[in-house]
Amino acid sequence: MILHQNEIPVDETLVRSLLRAQCPQWAALPLSPAGAGTDNTMYRLGGDLLVRLPRTAGKGQSVQKEQEWLPRLAPFLACPIPEVVHAGVPTGVFPLVWSVYRWIEGGEAGPDTVRDWAVFGADLAAVVRELHGVGLMGAARADGLSWYRGGGLGPCDQWISGCFDDCRNTVGCELGIDALEQLWRSALALPEPCGPHVWLHGDLKPTNLLVREGELHAVIDFGGLSVGFPDAEHSTVWDLPPRARQAYWDTLSLDDVTWARARAWAIAVGVSGISYYWNTFPSFVAECRARLRAILADAAAR
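Because the structure is a prediction, the values reported are computed rather than measured.

Explain the pairing of strand E2 (residues 40-45) to me, using residue names and the numbers behind them.
With five of six residues buried, E2 lies mostly within the body of the structure. Both strand E1 (residues 31-36) and E2 contribute to a ladder of four bridges, which runs antiparallel. Across the sheet, Ser32 pairs through a bridge with Arg44, a residue of E2. Hairpin connection of E1 to E2: three residues between the antiparallel strands. Pairing of E2 with strand E3 (residues 49-54) involves six bridges; the strand directions are antiparallel.

Structure below.
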């Protein structure tokens, strides 16, 4: 499944060649596909390891961030996060950095794995509070740590306005695009955020939250790791049921302005996802549709 221009094809043969060249001790272990997201392709290696390869050169920077910062962040976090056990270097057959991680057992957050959504929402909020409280260790909002979701909404307006137009032509008959755009524009009129910068995971959606025995166990995929304002960090709570969303809000004592900005970020990611992946990644488009429907339902109930 090709999602981006200039994507580098990856298959088992390529992965094994990388392992033979750089990790011969693991080259003979069983290898099987372990999913593919918008940024990376993954293979399970044996029972205890995961190989993660970026799809494009631009995505390689995200893998590099994980290699540099996850070992430094892990000691400050109670919740398990990915552990890099090999930092792969570029080769002639795969000209990007790549990684081998310790496998973390668990299922994606969903109705079949989470026992109590209110508890889950509160636990997720506790993870966010802990991450946002970690010192920056000299990091700043620059270069690879300056992702758009940690900034203000204004610089994204032109781009997101085009995505609203695209969505009117694709899902406009089933979603209230005008109502979503009004929520976006209401948030744009709010004062810009002005608090201190913090560490941001950047994409705390259910597929990046692993559950074990009914409870939140680990947070994975720090490819969106950045430094910035915390508003966008809260945007993925619209991917969760209302009870989890309310418990998250209550645990962090979020104010209405922060909530409005977070909702605007959720809208932005939803409409841009539909616009960009409409013809290539239907399951991701379905996630975006579900998020936008939840936003409309939540806004109507408030």
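Now that the structure is up, let's keep going.
Could you give an account of the pairing of strand E9 (residues 215-219), with specific residues and numbers?
Pairing geometry for strand E8 (residues 209-212) and E9, over four bridges, is antiparallel. Among the inter-strand pairings, Leu209 is bridged to a residue of E9, identified as Val219. Between the antiparallel neighbours E8 and E9 lie two residues, among them Glu213 with a positive phi of about 55°.

Please set out the sheet that holds strand E4 (residues 84-88) residue by residue, giving values where relevant.
Reading across from one edge, E1-E2-E3-E5-E4 is the order of the five strands in this open sheet, with antiparallel pairing throughout. Lying at the two open borders of the sheet, with one neighbouring strand each, are E1 and E4. Direction aside, the axes of adjacent strands within the sheet are offset by 20° on average. The sheet contacts of helix H1 (residues 12-22) involve E1, E2, E3, E4 and strand E5 (98-102), and relative to E3 the element is tilted by about 110°. Strands E2, E3, E4 and E5 of the sheet are contacted by helix H2 (residues 57-73), whose axis makes an angle of about 45° with E5.

Which residues make up the state of the cysteines, and what are the values?
What makes a disulfide is a covalent bond joining the sulfur atoms belonging to two cysteines. Following the criterion strictly, the structure yields zero disulfides and no others. With no disulfide partner, Cys156 has as its closest neighbouring cysteine sulfur the one in Cys163, 9.9 Å distant. Cys156 gets classed as buried once you look at its relative accessible area, which sits at 6%.

Analysis parameters
- Residues numbered from 1 in each chain as written.
- Predicted model: local features only at pLDDT ≥ 70, side-chain atom pairs only at ≥ 80, totals over all residues.
- Heavy atoms only, no water.
- Buried < 20%, exposed > 50% of the residue type's maximum accessible area, 1.4 Å probe, protein only.
- Helix = DSSP H or I, 4+ residues; strand = E, 2+ residues; numbered from the N terminus.
- Pairing = 2+ DSSP bridges.
- Axes fitted to C-alpha atoms, helices over the stretch in contact; angles between N-to-C directions.
- Contact = heavy atoms within 4.5 Å.
- Disulfide = S-S within 2.5 Å.

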